[in-house]
Amino acid sequence: MADSIFRKLRDGGEEGELAPALTIEETVASPFALDVSCYLLANLSSSILAGKSKSEGLVLITFSRSPSFYLQFLKQKGIFVSSSSKWIRVLDCYTDPLGWIDQPSTGVTEGSSLVKLHKCVTDLKRLFSSIIDAGRVMVGDGKTRFTVAIDSVNELLRHSSMPLVSGLLTDLRSHEQVSSLFWSLNTDLHQEKVTNALEYISTMKANLEPLCPSSHGKRNALENLFLVHQDFGKGRFHVRFKLRKGRVRVMSEEYHVDQMGINFSPISSAESVIATTKSLLPKVHFNLQLSEKERVEKEKVVLPFEHQDHGKSTEIYDGRRTLADGKTEATPLLSSGELQTDAVSSGKGGEIIYFRDSDDEHPDSDEDPDDDLDI
Amino acid sequence: MDRSVNLLDVALGFGEHQVSDQSPLSGKVVVIEDCVETSGSFVLHQIMKRLLSPPSSSHSLIFLAFARPFSHYDRILRKLGCNLAAQKANNRLVFVDMLMMKCSDGEEDNVSAVAKLFREIQATVRKLRSVTDTNITVMVDDMSLLEISATNSHHVLDFLHYCHTLTSDSNCSLVILNHEDIYLSLERPAYLLQMVCLADVVIKAEPLASGLANDVHGQLTVLNKGISSNSRNKLQNFQFRIKENGIEYFYPGSRT
């Protein structure tokens, strides 16, 4: 399914329609959007190099990592990038986004035509033209198209307002030379409205859901991070496609992140759901709360002082025959005036039977029985 | 005791890398989150000592002190067996006293103040680099004080971002102490979350959930989440007891 996102991005949009766009959503508890971006970058790069893609170049705009990080990553994947590479351009908004550094950074030595420093992130119009220029330098002015990748829009959103950022993304999508576009977003850092807006302007949304218990309602995102325990690095990968016909398709997969990167596998079983309840951190060493099962079982226990007559109302026998008595226990009770032990011997369990001394005593009377005593 | 490697060192990767000169923290961001009940500054002191004491002679430290004066750290580190004044004279410690940092009213001044601070750090890093090829660590005690004094937390985040560029450009490491409880009342503490997002290692110091105890002073949770780290996605939890001349770390229930 991660494959199908990649294929959609690789194939791009039809002529005259908006380029397909993907939002990769991460949270603080599942901060793996970078891994997904890297996965897509590696796949897109190799398909561009193999000539299988509709786009012939890739413009990468880096905000959260230095360009050398990505070049190093591609190298690890066996894709060598040199300054003469004609298929990739990096726009570096990471090293000096606000122009605080006076001299140009000496950190990136590899290929100055490959990596271009962008010093004014707040001016989105300039950023837009820089991106398009970078693409045009690579694939030329004609109808050849290129893919645009933005590694994190969080930094953009911090410097500019949401309408401006979504405007930039829409402008990029509608540019005739952009074949597809993707960006990643940490949803915990912004208002829900921002997230929803960016989701809305994208055709695909990939959501990384951690395997942590979220049954306690909305809690602090930071607490979530420490609740994931040994399952940090695993989770569900949900993708929502907006199909061309207007239908929406949602697919889910499992992801697992390790040193080598991110791996996707089909959802195995309910095992992962069970995992959410186990916890590595003993918050308290003794249990203060009951689970649902424990609670139900606790309620089933009948305490010794509770009546065990299974729904029958309890009556105190007042010596007179009632309708029910006549049927069941009338005979032994009438036969003797003493305390009966028949109930015990007949195997019914413990029972307290009360006999009134005489008929003129009212059952449960409020009278003080000792009021005739002369003290 | 002080030569041996304790649980925190292992969690940070100091145990394995003693052979090579490369610090296990180089190129990484370590964020220490603490709260009023359990201060995390001892973690800072321990990392300081680990970096400056003899076996790792190739470390330099740039220390931004917002919270305490030099004499405070000097006294504590002396108890741990490390002479800060001597390290300062050796140029292995660059102590930047930020206690007197002036908070200006104007937005513009604030930006330029943080930018100026960053330029200062960058110049120091370059200077240290030009002398020897050392591992440089930038330490901040603590970032929330800067955040409070800044009129806009965005400037602090910008500052953090620029400090982060040092980790990838110059392979510095960044160790930041931050108070969590200032932001806990906020529904979406963007500043705190952003900091955690940047971090490769998050160390959280908190009191025991079961309340105060005589011989356990709190627990540490160390989460390695950095993409370049060896023990990626590893979460460790252990308890500690602060003693006069050091800290004792142990796994829950394993203390004799």
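Each value, and the rule that gives it
- Residues numbered from 1 in each chain as written.
- Chains lettered and ligands numbered in written order.
- Predicted model: local features only at pLDDT ≥ 70, side-chain atom pairs only at ≥ 80, totals over all residues.
- Heavy atoms only, no water.
- pLDDT = per-residue confidence, 0-100.
- Contact = heavy atoms within 4.5 Å.
- Helix = DSSP H or I, 4+ residues; strand = E, 2+ residues; numbered from the N terminus.
- Disulfide = S-S within 2.5 Å.
- Buried < 20%, exposed > 50% of the residue type's maximum accessible area, 1.4 Å probe, protein only.
- Salt bridge = Lys/Arg side-chain N within 4 Å of Asp/Glu carboxyl O.
- Pairing = 2+ DSSP bridges.
- Buried area = accessible area lost by both parts, 1.4 Å probe.
- Polar contact = N/O pair within 3.5 Å; in protein donor to acceptor, adjacent residues only side chain to side chain.
- Nonpolar A, V, L, I, M, F, W, Y, C, P; charged D, E, K, R; others polar.
- Core = buried A, V, L, I, M, F, W, Y, C linked by side-chain atoms within 4.5 Å.
- Patch = residues over 30% accessible without salt bridge, like charges linked within 9 Å, V, L, I, M, F, W, Y side chains within 5 Å.
- Areas by Shrake-Rupley, 256 points an atom, 1.4 Å probe, with all protein chains shown as cover.
- Axes fitted to C-alpha atoms, helices over the stretch in contact; angles between N-to-C directions.

Description of the confidence of the model for chain A
Residues and elements named next belong to chain A. Residues at a pLDDT of 70 or more form 73% of chain A, whose mean pLDDT is 78. Residue range residues 105–111 is modelled with pLDDT below 50. Its contacts to residues more than four positions away, or to other chains, number 8 contacts. Low confidence marks residues 272–280, where pLDDT is under 50. Its contacts with residues over four positions away, or in another chain, come to 13 contacts.

Structural notes on the environment of V153 of chain A
Residue and element names in this part refer to chain A. Along the chain, V153 turns up in the loop between β5 (145–150) and α5 (154–159). Separated by 50 residues in sequence, V153 and T203 place their C-alpha atoms 16 Å apart. Once residues within four sequence positions are removed from consideration, V153 is found in contact with W183, S184, L185 and L198.

Some remarks on the state of the cysteines
All names here are of chain A. Throughout the structure, instances matching the rule amount to 0 disulfides over all chains. Free of any disulfide, C120 has its nearest cysteine sulfur in C93, 9.9 Å distant. By relative accessible area, which is 23% here, C120 ends up partly exposed.

Regarding the pattern of salt bridges
Residues and elements named next belong to chain A. As enumerated under the stated definition, the model contains 15 salt bridges over all chains in all. In this structure, the salt-bridge partner of E254 is R236, at a minimum N-O distance of 4.0 Å. Here R236 lies in strand β8 (residues 234–242) and E254 lies in strand β9 (residues 248–258), a separation of 18 residues in the sequence. Here E254 matches R236 in class, with each residue buried.

Looking at the pairing of strand β7 (residues 218–224) of chain B
Residues and elements named next belong to chain B. Taking burial as the measure, the 7 residues of β7 include 7 buried ones, the bulk of the element. Both faces of β7 are covered, namely the face carrying G218, L220, V222 and N224 and the face carrying Q219, T221 and L223. Both β7 and strand β8 (residues 234–243) contribute to a ladder of 7 bridges, which runs antiparallel. Residue L223 lies in a different strand from β8, and its bridge partner there is L235.

Considerations on the interface of chain B and chain A
In this complex, chain B contributes 47 residues to the contact, which on the side of chain A involves 50 residues. Between chain B and chain A lies a buried interface of about 4,200 Å² when both sides are counted; carbon and sulfur atoms form 58% of it. Interface area lost by chain B to chain A is led by Y162, R188 and I227 of chain B, which between them contribute 16%. Across the chain B-chain A interface, the total number found is 1 salt bridge. The residue D158 of chain B makes a salt bridge to R158 of chain A at a minimum N-O spacing of 2.8 Å. Where chain B meets chain A, there are 11 residue pairs in polar contact (both at pLDDT 80 or more). For the side of chain B that touches chain A, the elements supplying multiple residues, two or more each, are α5 (107–131), α7 (153–169), α8 (190–198), β6 (201–206), β7 and β8 of chain B. The greatest single-element share of the side of chain B that touches chain A, amounting to 12 residues, is contributed by α7 of chain B. Looking at the side of chain B that touches chain A residue by residue, the classes come out as 20 nonpolar, 16 polar and 11 charged.

Some points on unusual backbone geometry
Residue and element names in this part refer to chain B. Cis geometry is found at the peptide bond from D141 to D142, where omega equals -15 degrees. By secondary structure assignment, the location of D142 is in the loop between β4 (135–141) and α6 (143–149). The residue N91 is not glycine, and still its phi comes out positive at about 70 degrees. Of note, the phi angle at N171 is positive, near 60 degrees, even though the residue is not glycine. With respect to the helices, strands and loops of the structure, N171 is situated in the loop between α7 and β5 (173–179).

Some words on helix α1 (residues 2–11) of chain A
Turning to α1 of chain A, its buried residues are A2, S4, I5, F6, L9 and R10 of chain A. Phi turns positive one or two residues past the end of α1 of chain A, at G12 of chain A, with a value near 70 degrees.

Concerning the side chain of S26 of chain B
Residues and elements named next belong to chain B. Within the secondary structure, S26 is located in the loop between α1 (7–12) and β1 (29–34). The exposure class of S26 is buried, given its relative accessible area of 14%. Once residues lying within four places of it in the same chain are set aside, the contact partners of S26 are N135, N171, C172 and S173.

A word on the nonpolar core
With 93 residues, the main nonpolar core has F237 of chain A together with M143 and F159 of chain B as its most contacted residues. Sort the elements by how many residues they give to this core and helix α2 (residues 33–49) of chain A lands first, with 10 residues. Sequence-distant contacts of F237 of chain A, that is, excluding residues within four places in its chain, are made with M1, A2, I5, V36, A206, N207, L208, M251, S252, E253, Y255 and F264 of chain A. Counting residues in hydrophobic clusters, the runner-up holds 38 residues, among them F42, L44, F70 and M139 of chain B.

Points about a nonpolar patch on the surface
A contiguous nonpolar surface patch, about 320 Å² in accessible area, is contributed by V301, L303 and F305 of chain A. Summarising the element assignment, V301 of chain A is placed in the loop between α10 (292–300) and α11 (323–327).

Side note on the sheet that holds strand β1 (residues 21–26) of chain A
Strand pairing in a sheet is mediated by backbone hydrogen bonds. Such pairs are either parallel or antiparallel. Residues and elements named next belong to chain A. Spatially, the 10 strands line up as an open sheet ordered β4-β3-β2-β5-β6-β1-β7-β8-β9-β10, and their pairing is mixed. The two strands at the open ends of the sheet, each matched to only one other strand, are β4 (115–117) and β10 (261–265). In this sheet, adjacent strand axes meet at a mean angle of 20 degrees when their direction is disregarded. Of the strands in this sheet, β2 (55–62), β3 (88–92) and β4 touch helix α3 (residues 67–76), which is tilted by about 150 degrees from β3.

What about the sheet that holds β7 of chain B?
Residues and elements named next belong to chain B. Ordered in space as β3-β2-β4-β5-β1-β6-β7-β8-β9, the 9 strands form an open sheet in which the pairing is mixed. Looking at the sheet topology across the chains shown, the edges are occupied by β3 (93–97) and β9 (246–250). Pairwise comparison of adjacent strand axes, ignoring direction, gives a mean angle of 20 degrees for this sheet. By the bridge criterion, 5 bridges tie β8 to β9 in an arrangement that is antiparallel. Bridge pairing in β9 links I242 to I247. Helix-sheet contacts for helix α3 (residues 70–79) involve β2 (59–65), β3 and β4, and the interaxial angle to β3 is about 140 degrees.

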